[in-house]
Amino acid sequence: MAAEDGVMSEWPLSLFAASLLAGAAPLVLASLGETLTEKAGLINLSLDGTILLSAMAGFAAAVETGSLLAGFAAGAAVGAATAAVVALMSLYLGQSQVAVGFVLTLMTKDLAYFLGNSYARIPGPQAPVFPVPGLDVLPWVGPALFRHTLITYGAVAAVAVTWFFLYRTRAGLVLRAVGENPQAAFARGINARHVQVFYALVGGVLVGLAGAAFSLSVKPGWGQPQGAEGMGWIALALVIFGGWHPLKVAAGAYLFAVLQMLGITFQGIWPSVPSQVFQTAPFPLMIFTLVFMHLGQRPEVERWAAARPWADRLLRFVRARAPRALGRPFPDRG
Amino acid sequence: MDIELRNIHKFYGSVHANRGIDLRVQGGTIHGILGENGAGKSTLMKILAGAVPASDGQILLDGRPVTFSNPAEASRLGIGMLYQDPLDFPPLTVLENFMVGRPARPKRGVRYWADTLKGMCRDFGFSLDPKAPLETLTLGERQQLELLRLLSVGSRLLILDEPTTGISPEQKELLFRALRRLAHEGKTVLLVSHKLEDVENLCSRVTVLRHGAVTGSLEAPFNAQDMLALMFGTPPAPLEKRRRTFSEKTLELRRVSGLGGRAGLRDATAAFHRGEVVGLAGLEGSGQGVFLRLAAGLQPPLEGSIHLFGKDLTGWDYHAFRRRGVAFVPEGRLEEGLIAGLTLTDHFALAACAPKLCVPWVTARRTAEERVERFRIRGRPESAADALSGGNQQRLLLSLIPPEASVLLLEQPTRGLDVESTYWVWEHLLRLADDGATIVFSSAELDEILMTADRVLVFYNGRIVLDVDAESAHPDLLGSAIAGRVIS
Amino acid sequence: MTPPPSLAHAAQRFLWTILLALGLSSAVVALGGASPLEAYRHLIVGSLGSWAKLTQVLRVWVPLTLCALGLLYTFQIGLWNIGVEGQVVLGALGATALIRWGLGAPPQWVVPAALAGAVLCGGLWALAAGILKTRAGVNEIFAGLGLNFVATGLQLWLIFGPWKQPGIASMSGTETFPENYWFPTAGGWAVSPYAAAAAVVLLGAVAWTLRATRLGLALKAIGRNEQAAYLLGLSPRRWMLLAMMLAGGLAGLAGAYQVLAVYHRLIPNISSQYGYLALLVVMLAGYRWQGIPFIAFFFAALNVGSIQLPMMLRMDSSLAGVIQGSLVLAALAVQGAAWRRRTAS
């Protein structure tokens, strides 16, 4: 622990990186979860409320049992349950995924405030920091990367795992195939609907963990407002922004966290402007990006870019297409 | 594998798509299924592949009756189908497409499948890059991949639905060589086609369907005349048509190209005149659909120009064409033409009444009553459009055409209609032509075109290959042109 | 959107929806460690128990109804105008701006101008989302949501910056307007009877436009089949923008009402989430106008009744939202069950 006293470890950039990694963990988990669900062809719009409810449930369970594990499990269960409602209502009862998701967004938020009332502003357990032995003493890199809670490491690992799962495993291939063309998957003996329900649940679990990460690690405790309001919508937009690719989605999440932290820095410069103003800054940016992505798909723009290698490369990077079956459930035959 | 189909029936609602079909296919042969669009070929093949359940009938493989309720079960019995629109996953890579849907056991790695695919490619002389995204491949290459995949999962019966549409001659040659070899190795091949030359080149036996029933079977060597007769029937003697000459040009397309359908449309030029009825013939998706949509201003041409009454309207939208007297009647009645959930009165209020702040409901209702009467629509002004039968929906669509329209562009105006409705529709359209309207329509029925049109344009693979007076056009000439052979 | 079911079926569905929602919310209350009956009693007494409470309910009913009416237009044409929340805020900003500029001028000119400005601001804010949708391919949900956050940011910046109270900027909002610039009201009522009457008139007007005018017919046609409507001579994009502007205008009016008739100043949470709540109202009303006044009233009563829950039962007032959500969710489930029966046969 010698380096901890050293001046080097207090290097601001290293601190910035450390809090970035920790602060972005919930957003990364939630947007990865939604990526999985949407890759399978289902939209779970309820993220914004689900994250709050699972944050509340995670904190409450941890307080009641004294076990952090139980807390994270409760958060995951809440996320899965909400996702299950979306999946069942849309795949088995033919209701619009957007409508169900939107109702759940509002309802889970109110549920969180209602059920969490007695847990508001009480002390509770907090995920401890696990320094990685040997690596945490490295100058600069140590404090930035290797002194975090398990869920922060987990979020970073989840990026790699999700990517590996989607693009390097048999099950990931099936998942992508179903999201593209459930009819074709059905013809090859895959039960498309079961696959969609399953990945709605898996995505829900990740969203739920995101909520629990918030209330047990990033900003420990429960209150109203909790501070995670709006994060679900950002996660949903990040999935589009990242073109449904886990690495780009995660990059977007970290970029977003940087913007948020810069916002806090700017607040120090203009203390009279409330922090919420800076927090809204990424949204117009998000809209611009979406417009840019759309324009990039116009044939005339493509023709223009074809003659300019840099523009072409940029276009190819931002160009993304939603899974073809997204939001359109496979007719009742599976 | 020997295949036998006994008395297969298929109903889609009230449409009888297969009417008691019996078919025997000997193992180790290439058997052709020939017929026009809508003859019931695709339905029959989908039944055999498990994609569509039969309403009645029996399937026997090697003499044993079998049942299956989905394509995966059919596949386990050794039946594989290559669909007209390949059932694959365009953003995924070639190798991933090859791997989707494999059983989990025995466990095989990516390397194994890559080697398998490479080996098979070498074997058949295909060159497919396993890493390329499927969407960068041509249709012919996607077909090659699907064929290899079907073989690798153990298909002993291969069904190919119109495999030669939209692929290059070289790819076709490669495909045919592969199929001949597979038959030689004992596999059974069912080739569904529209094209005489495919069948002549490849098949040892052919069964012809027409209107959902078998009209006959022939052995190689085939006589083209016999096949055409079975496909199109003996056309009734053309109606006594008075010789008409047309002079006043209404609509003209000059060297237009456009995207859409399987083949797109390339370099098409045609002019139409007052009072003229022109039929567009061709295999579905050969360019006639794009042609009609370009002519209506529904999509801008990539190249070329469109003139209406001498004015260049290239690049204008449908509403501009509509104001100048063009009316487009789409093929998908409830998909594109009518609005489900809106009543007949609603439709007339939108299409036949002047746009005012308040909907003139009284006028709209009176118009609806009057048109229901005149067009003999079996329905009431307050019925929803989707509650009408197909024939009545078509009548409603025709009744929505503004009376002052002078150029009518119709996609398959009688598809799915019974004889009486068809007759009525044409009576009405020909009356409009007599009054000076230009009528351009596409149809899958040669009889219909020969009976009603003054002139026929035949589309093949995105081009107009024939432009003749209906009077001087022999059905064989048209049939050959549709099948890709222009006899000059 | 399916045709309206027969009366018996509708009654059956209604009952099932109520039962399901009641079961769901009772379970939640019990889970929160309280007696559901006790909670419901307080909700009813707290909202309908006295004339004063009733006028408070109506005070919430007005903006909720206004927003819901606007959403009828956008739902009719098939758009999810989730940006209604931001449109309320912009309406409030527009009204506040005009009042601030007009201070000193005769109120009988300034107040109507503020209303008109609010309608314009809300409408233009909605137009922005509409243009993003029709021209730039941004899904209206994300465009609307993004603009909601931007609207909130703008509002906070104004409250804490240019429009701050002399001396100190605070979350309590801007300075209160002089009383003669308040929306007229009758003595002792929480709700301005003129505003409530205006909402009823607007309800009739919206119903009339939907039934009797070309607007209603065009929106319905495009919402059900854009391509066919285009072939029949309608321009879907233009009608979409118009529907958005109408919805935004009505939402803007709701924002102006919040400023002029309720708070008499601009406060940070000026929209009180009525935009989002109105989306639920319209969904529960089956996207038809007939049910809106009643459902809006019921939702408003829940909101008002829940205010005293923290005091009386030490329960969070968000129970109102839980009940509202349960109702819509139950309605969707009941609809889904009917759908399943229909497709199975």
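Note that the structure is predicted; figures quoted are calculated from it, not measured. (Residues numbered from 1 in each chain as written. Chains lettered and ligands numbered in written order. Predicted model: local features only at pLDDT ≥ 70, side-chain atom pairs only at ≥ 80, totals over all residues.)

1. What about the overall build of chain B?
Stage number 1. When helices and strands are counted, chain B shows 17 helices and 20 strands.
Stage number 2. Computed over the C-alpha atoms, the radius of gyration of chain B is 25 Å, within 12% of the 23 Å expected from 2.2 N^0.38 for a compact globule of 488 residues.
Stage number 3. Residue burial in chain B is summarised as follows: out of 488 residues, 47% are buried.
Stage number 4. Contacts spanning at least 24 positions in sequence make up 68% of the contacts within chain B whose residues lie at least 6 apart. (Helix = DSSP H or I, 4+ residues; strand = E, 2+ residues; numbered from the N terminus. Rg over C-alpha atoms; globule rule 2.2 N^0.38 Å. Buried ≥ 20, exposed ≤ 12 C-beta atoms within 10 Å, placed from the backbone. Contact = placed C-beta atoms within 7 Å.)

2. Concerning the interface of chain C and chain A
Stage number 1. Listed by partner, the interface residues are 43 residues for chain C and 34 residues for chain A.
Stage number 2. Those elements that place two or more of their residues in the side of chain C that touches chain A are α1 (7–31), α5 (107–136), α6 (140–160), α11 (274–284) and α14 (319–344) of chain C.
Stage number 3. Counting residues per element, the side of chain C that touches chain A draws most heavily on α14 of chain C, which supplies 15 residues.

3. Concerning the sheet that holds strand β11 (residues 249–258) of chain B
All names here are of chain B.
Stage number 1. Strand order across the open sheet formed by 4 strands is β12-β11-β14-β15, with antiparallel pairing between neighbours. The strands lining the two open edges of the sheet, one partner per strand, are β12 (265–273) and β15 (311–312).
Stage number 2. Bridging between β11 and β12 involves 6 bridges; their strand directions are antiparallel. Looking at β12, one finds that Gly 258 is bridged to Leu 265.
Stage number 3. Here helix α9 (residues 288–295) sits on the sheet in contact with β11, β12 and β14 (303–308), set at roughly 125° to β11. (Pairing = 2+ DSSP bridges. Axes fitted to C-alpha atoms, helices over the stretch in contact; angles between N-to-C directions.)

4. Let's talk about the packing of helix α2 (residues 12–39) of chain A against helix α10 (residues 192–218) of chain A
Geometrically, a packed helix pair is captured by the angle between its two axes and the distance between the axes.
Residues and elements named next belong to chain A.
Stage number 1. Put simply, α2 and α10 touch, their axes get as near as 7 Å, and they point 170° apart. In terms of axis orientation, α2 runs roughly antiparallel to α10.
Stage number 2. Split by residue class, the contact of α2 with α10 holds 17 nonpolar, 6 polar and 1 charged. (Parallel < 35°, antiparallel > 145°, perpendicular 65-115°, else oblique. Nonpolar A, V, L, I, M, F, W, Y, C, P; charged D, E, K, R; others polar.)

5. Remarks on unusual backbone geometry
Stage number 1. Between Arg 105 of chain B and Pro 106 of chain B the backbone carries a cis peptide bond, its omega angle lying at -5°.
Stage number 2. Mapped onto the elements of the fold, Pro 106 of chain B is located in the loop between α3 (94–99) and α4 (110–124).
Stage number 3. A cis amide bond, omega -5°, links Ala 220 of chain B with the succeeding residue Pro 221 of chain B.
Stage number 4. Summarising the element assignment, Pro 221 of chain B is placed in the loop between β10 (213–219) and α8 (224–232).
Stage number 5. For Arg 121 of chain A, which is not glycine, the phi torsion reads 55° and is therefore positive.
Stage number 6. Relative to the assigned elements, Arg 121 of chain A resides in the loop between α5 (97–115) and β1 (129–131).
Stage number 7. Given 8 C-beta atoms within 10 Å, Arg 121 of chain A falls into the exposed group.
Stage number 8. At Arg 255 of chain B, a position not held by glycine, the phi torsion is positive, near 50°.

6. Topic: the interface of chain B and chain A
Stage number 1. Tallying the contact residues gives 15 residues for chain B and 16 residues for chain A.
Stage number 2. Those elements that place two or more of their residues in the side of chain B that touches chain A are α2 (71–76) and α3 of chain B.
Stage number 3. With 3 residues, the single largest contributor to the side of chain B that touches chain A is α2 of chain B.
Stage number 4. Its residues placed into classes, the side of chain B that touches chain A shows 10 nonpolar, 3 polar and 2 charged.

7. Overview of the sheet that holds strand β9 (residues 205–210) of chain B
Residue and element names in this part refer to chain B.
Stage number 1. The 6 strands lie next to each other as β6-β7-β8-β3-β9-β10, forming an open sheet whose pairing is mixed. Taken across any chain shown, the strands that pair with only one partner, and hence form the sheet edges, are β6 (79–82) and β10. When the angles between neighbouring strand axes are averaged without regard to direction, this sheet yields 20°.
Stage number 2. With 5 bridges connecting them, strand β7 (residues 157–161) and strand β8 (residues 188–193) associate as parallel partners. Bridge pairing in β8 links Asp 161 to Val 192.
Stage number 3. Its contacts with the sheet place helix α6 (residues 169–184) against β3 (30–34), β7 and β8, and it is angled at close to 145° to β8.
Stage number 4. The sheet contacts of α8 involve β3, β9 and β10, and relative to β9 the element is tilted by about 30°.

8. Comments concerning the environment of Ser 272 of chain C
Residue and element names in this part refer to chain C.
Stage number 1. Within the secondary structure layout, Ser 272 lies in the loop between α10 (236–263) and α11.
Stage number 2. Judged by the 19 C-beta atoms lying within 10 Å of it, Ser 272 falls in the partly exposed class.
Stage number 3. On a C-alpha basis, the gap between Ser 272 and Gln 258 in space is 9.0 Å, while along the polypeptide they are 14 residues apart.

9. Here's the deal with the confidence of the model for chain B
Stage number 1. Per-residue pLDDT for chain B averages 89, and the proportion of residues at 70 or more is 97%.
Stage number 2. Both confidence scores are given for the complex: pTM 0.90, ipTM 0.93. (pLDDT = per-residue confidence, 0-100.)

10. A look at the pairing of strand β4 (residues 56–61) of chain B
All names here are of chain B.
Stage number 1. Of the pairings in the sheet, the one linking strand β1 (residues 3–12) to β4 comprises 5 bridges and is antiparallel in character. Paired with Arg 6 across the strands is Gln 58, a residue of β4.
Stage number 2. In this structure, β4 lies alongside strand β5 (residues 64–66), joined through 3 bridges in antiparallel fashion. Paired with Leu 61 across the two strands is Arg 64, which belongs to β5.
Stage number 3. Between β4 and β5, which pair antiparallel and follow one another directly, the connecting turn spans 2 residues, one of which, Asp 62, has a positive phi of 50°.

11. A word on the pairing of β7 of chain B
Residues and elements named next belong to chain B.
Stage number 1. Counting buried positions over the 5 residues of β7 gives 5, a clear majority of the element.
Stage number 2. The two faces of β7 match: Leu 157, Ile 159 and Asp 161 on one face and Leu 158 and Leu 160 on the other face are all buried.
Stage number 3. Sheet analysis places β6 next to β7, joined by 4 bridges and oriented parallel. Within the sheet, the bridge partner assigned to Gly 80 lies in β7 and is Leu 158.

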